[in-house]
Amino acid sequence: MKDNICIGMAGAGRATELHMLALDQYSGIPVRRKTIMARRKEPLEQACKRYRFEQITMDFNEMIRDPEIDLIDICTPAYVHVPMIRAALDAGKHVICEKSLTGYFGQENDPAPIGTHVSKQVMYEKVLEDIDSLAKVVQKANTQFMYAENFIYAPAIWKAADIIAKKKSRILFAKGEESLKGSSSPVAGQWNKTGGGTFIRTGTHPLSAILWLKEQEAKAQGKEIRVVSVLADMGRILPQLTEYEHRHIAARPMDVEDCGTVILTFSDSTRAVIMATDTLLGGSRNYVELYCNDAVIHCKLTMNDMMETYFLDEERLDEVEISEMLPSKLGWNRPFLADEFVRGYCNEMKDFIECAYYNRKPMSDFKVAYDSVKITYAAYLSAERGAKVELPS
């Protein structure tokens, strides 16, 4: 067995930053950061230096042909995930894939913009076809596929899973949300770049966590629990605002939703509600709540109340991070503490490195990725129809 795990990184943006900051906290199996790949040279060179990779490349195929590299961490935009996953698994590499797994990004002759003009039925069918095809590649591979859903690895979610498993609690109702004032990405408002709006960008975090928690409940109960139907409402509110009214909100949705609410019905007749918006000021809001037959569990990721600050001015605070998506540090705030740990990134990278080293299954696997995308696009279809969508078993 090798004495380290050698990684190749695809991407040089925010997801790469989160993965690498988490990896900085890991002190288990030695990790060799060999190659980082991206399409633009200047940010690639900066990322190489910042995250201490040995070399850069602008050719993904060159990286996966390297026999020294064991693990490919895919932190690129979702529209290139599927071909990269296929190529890396076919090359015998372990794969980490940042959420979301994939989506609908347009086909030849689609009228633009696709989020406005392409039927969600077409999108849903094409996404199901793509993920079913990818599932066969993953099943055939002798290496591991690891889905980078940090909510699953958040300490609060882990503790909730532990309670449910030991008490054999029944989750009767679950509620989750991730909301903020929009994405830092300049293309977040375009369906052909993101595969959807706020729900696929942010709502899939609590969605995946709730799916995973219901899976832990099912294991404890010795039965199968699955989502049988999806009812959703999606909207685009922000374009109606004047520029002055819009001044504090970063989101600029062109053909994607800026708010979404999804109701899941499970095969045990229980329900879950997931919400996501790009209209929240004051930082990001991330939580999952569980109403059980014998307990109530509130899992807060952000904003938490471990620390509070009050500032009258921002003098000498330039390099002090308070929280994500916070435009001002004045007044009362609740700073992020141990952010990489609280939001699950440290546990996530620890699990993934050890899974690659020992070739064992991760906690967050292809099933989570598959179900999350399938349910998200069923939600988009439901919102278009104005009716519940029944899911095939």
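Please refer to the structure placed before this passage.
The structure reproduced in this document is the subject of the present report. Owing to the predicted nature of the structure, the values given are computational and were not obtained by experimental measurement.

Considerations on the environment of Thr57
Point 1. Mapped onto the elements, Thr57 comes out in strand β3 (residues 55–57).
Point 2. C-alpha separation for the pair Thr57 and Arg39, spaced 18 residues apart in sequence, amounts to 8.6 Å.
Point 3. Residues contacting Thr57, with those up to four places away along its chain left out, are Thr35, Ile36, Met37, Ala38, Leu44, Glu62 and Met63.
Point 4. Among the polar contacts listed, one links the side chain of Thr57 to the side chain of Glu62, at a separation of 3.3 Å.

Considerations on the packing of aromatic side chains
Point 1. Using the criterion set out here, one finds 10 aromatic pairs in the structure.
Point 2. Aromatic side chains Phe173 and Tyr291 sit 5.3 Å apart centroid to centroid with 40° between the ring planes, which places their arrangement in the tilted category. Here Phe173 is found in strand β7 (residues 171–179), whereas its partner Tyr291 is found in strand β11 (residues 285–292), with 118 residues between them in sequence.
Point 3. Residue Phe173 is classed as partly exposed on the basis of its relative accessible area, which comes to 24%.

Things to note about the pattern of salt bridges
Point 1. Applying the stated criterion across every chain, the model contains 28 salt bridges.
Point 2. Glu308 serves as the salt-bridge partner of Arg334, at 3.4 Å between the closest nitrogen and oxygen. You can see Arg334 sitting in the loop between β14 (331–333) and α11 (339–342) and its partner Glu308 sitting in the loop between β12 (296–302) and β13 (309–311), a full 26 residues away along the chain.
Point 3. On the basis of relative accessible area, Glu308 is assigned to the partly exposed category, the value being 47%.
Point 4. Linked through salt bridges whose partners overlap, the residues forming this network are Arg32, Lys34, Glu54, Asp66 and Glu68.

Criteria and thresholds
- Residues numbered from 1 in each chain as written.
- Predicted model: local features only at pLDDT ≥ 70, side-chain atom pairs only at ≥ 80, totals over all residues.
- Heavy atoms only, no water.
- Helix = DSSP H or I, 4+ residues; strand = E, 2+ residues; numbered from the N terminus.
- Contact = heavy atoms within 4.5 Å.
- Polar contact = N/O pair within 3.5 Å; in protein donor to acceptor, adjacent residues only side chain to side chain.
- Phe/Tyr/Trp six-rings, centres within 6.5 Å; stacked < 30°, edge-to-face > 60°.
- Buried < 20%, exposed > 50% of the residue type's maximum accessible area, 1.4 Å probe, protein only.
- Salt bridge = Lys/Arg side-chain N within 4 Å of Asp/Glu carboxyl O.

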